[in-house]
Amino acid sequence: QVHLVESGGGLVQAGESLRVSCTNSGGTIINYSMGWFRQAPGKEREFVGAMSRSGDPYYHDSVKDRFTISRDNAKQNTLYLMMNNLKPEDTAVYYCNADVSVLGGRVLGPGSHWGQGTQVTVSA
């Protein structure tokens with residue numbers, strides 16, 4: 001069972017860091033490829049990063065070298081997104097997603113399980 005709850009969003013200044021979390025209250029996440037997506041006002045939801053079931057990370061080029069995905073291997077129910085050197089263009093609602101489609105080293109699209117989202121706002 002999958003019930004995703006995001007937390008940790010907030011307001012930061014450009015250049016600062018923030019970590020958002022996604023917990024599956026329905027159980028483990030290690031059986032799923034997990035991902036983060038974001039949606040800015042007036043824009044479509046876009047891929048940010050993902051982690052396959054085997055632990056391989058994938059990132060959108062715009063966040064590579066700034067964002068890091070990890071998961072809690074002890075509790076096995078929480079996914080993290082550490083965001084460093086944040087920019088105003090990173091402002092968006094960040095959504096956690098389970099069962100991301102990963103094939104041939106590429107993220108093809110989100111799965112059907114979404115969290116409610118957490119707002120990240122970066123001021124200039």
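This one's a predicted model, so the numbers in the text were calculated from it and none came from an experiment.

## A few points about the overall build of the chain
Here comes step 1: Counting its regular elements, the chain contains 0 helices and 13 strands.
Here comes step 2: Start at the N end of the chain and walk to the C end: the helices and strands fall as β-β-β-β-β-β-β-β-β-β-β-β-β.
Here comes step 3: Taken over the C-alpha trace, the chain has a radius of gyration of 13 Å; the compact-globule value for 124 residues is 14 Å, and the two agree within 12%.
Here comes step 4: Taken along its principal axes, the extent of the C-alpha atoms in the chain is 40 × 30 × 25 Å.
Here comes step 5: Carbon together with sulfur atoms contributes 46% to the accessible area of the chain, which is approximately 6,400 Å² in total.
Here comes step 6: Averaging the positions of the 11 positive and the 11 negative side-chain charges in the chain gives two centres separated by 2 Å.

## Comments concerning the pairing of strand β8 (residues 78–83)
Here comes step 1: Here β8 lies mainly inside the structure; 5 of its 6 residues are buried.
Here comes step 2: In this sheet, β8 lies alongside strand β7 (residues 67–71) in antiparallel orientation, the contact comprising 5 bridges. By the bridge assignment for β8, arginine 71 is matched with leucine 79.
Here comes step 3: The loop that links β7 with its antiparallel partner β8 comprises 6 residues; one of these, glutamine 76, has a positive phi angle of about 65°.

## Quick word on unusual backbone geometry
Here comes step 1: With a phi angle near 75°, aspartate 65 is a residue other than glycine that sits in the positive phi range.
Here comes step 2: Judged by relative accessible area, which is 79%, aspartate 65 ranks as exposed.
Here comes step 3: Of note in the backbone geometry, asparagine 85 takes a positive phi value of approximately 50° without being a glycine.
Here comes step 4: In this structure, asparagine 85 sits in the loop between β8 and β9 (92–98).
Here comes step 5: Residue classification places asparagine 85 among the partly exposed positions, given a relative accessible area of 41%.

## Description of the pattern of salt bridges
Here comes step 1: Inspection of every chain in the model, using the stated rule, returns 4 salt bridges.
Here comes step 2: Ionic pairing is found between arginine 38 and glutamate 46, a salt bridge with its closest N-O pair at 2.7 Å.
Here comes step 3: Ionic pairing is found between aspartate 90 and arginine 66, a salt bridge with its closest N-O pair at 2.8 Å. In this pair, aspartate 90 sits in the loop between β8 and β9 while arginine 66 sits in the loop between β6 (57–59) and β7, placing the two residues 24 residues apart along the sequence.
Here comes step 4: We classify arginine 66 as buried; its relative accessible area is 8%.
Here comes step 5: Each of Arg38, Glu46, Arg66 and Asp90 takes part in a single network of salt bridges with overlapping partners.

## Regarding the side chain of serine 33
Here comes step 1: By secondary structure assignment, the location of serine 33 is in the loop between β3 (18–24) and β4 (34–39).
Here comes step 2: Beyond its immediate sequence surroundings of up to four residues, serine 33 is in contact with Met51, Ser52, Arg53, Asn97, Ala98, Asp99, Val100 and Val102.

Calculation criteria
- Numbering of residues starts from 1 in each chain and follows the order in which that chain's sequence is written.
- In keeping with the model being predicted, local features are shown solely for residues with a pLDDT of at least 70 and side-chain atom pairs are shown and tallied solely at 80 or more, while totals for entire chains, interfaces and linings include all residues.
- To get the side-chain values, all heavy atoms of the structure are used, and hydrogens and water are removed first.
- Numbering of helices and strands runs from the N terminus; a helix is a DSSP stretch of H or I covering at least four residues, while a strand is a stretch of E covering at least two.
- All radius of gyration figures rest on C-alpha atoms, and the globule criterion is 2.2 Å times the number of residues raised to 0.38.
- Only the protein chains shown count as cover for residues, and the accessible areas themselves come from Shrake-Rupley with a 1.4 Å probe.
- When charges are counted, Lys and Arg are positive and Asp and Glu negative, with His and the chain ends excluded.
- For this purpose, a charge sits on NZ of Lys, CZ of Arg, CG of Asp or CD of Glu.
- A simple rule labels every residue: compare its accessible area, found with a 1.4 Å probe on the protein chains alone, to the largest value its type can have, and call it buried under 20%, exposed over 50%, or partly exposed in between.
- Two strands are said to pair when DSSP picks up at least two bridges between them.
- Throughout this description, the term salt bridge denotes a Lys or Arg side-chain nitrogen within 4 Å of a carboxyl oxygen of Asp or Glu.
- Should any heavy atoms of two residues lie within 4.5 Å, those residues are considered in contact.

These figures capture arrangement, not role.
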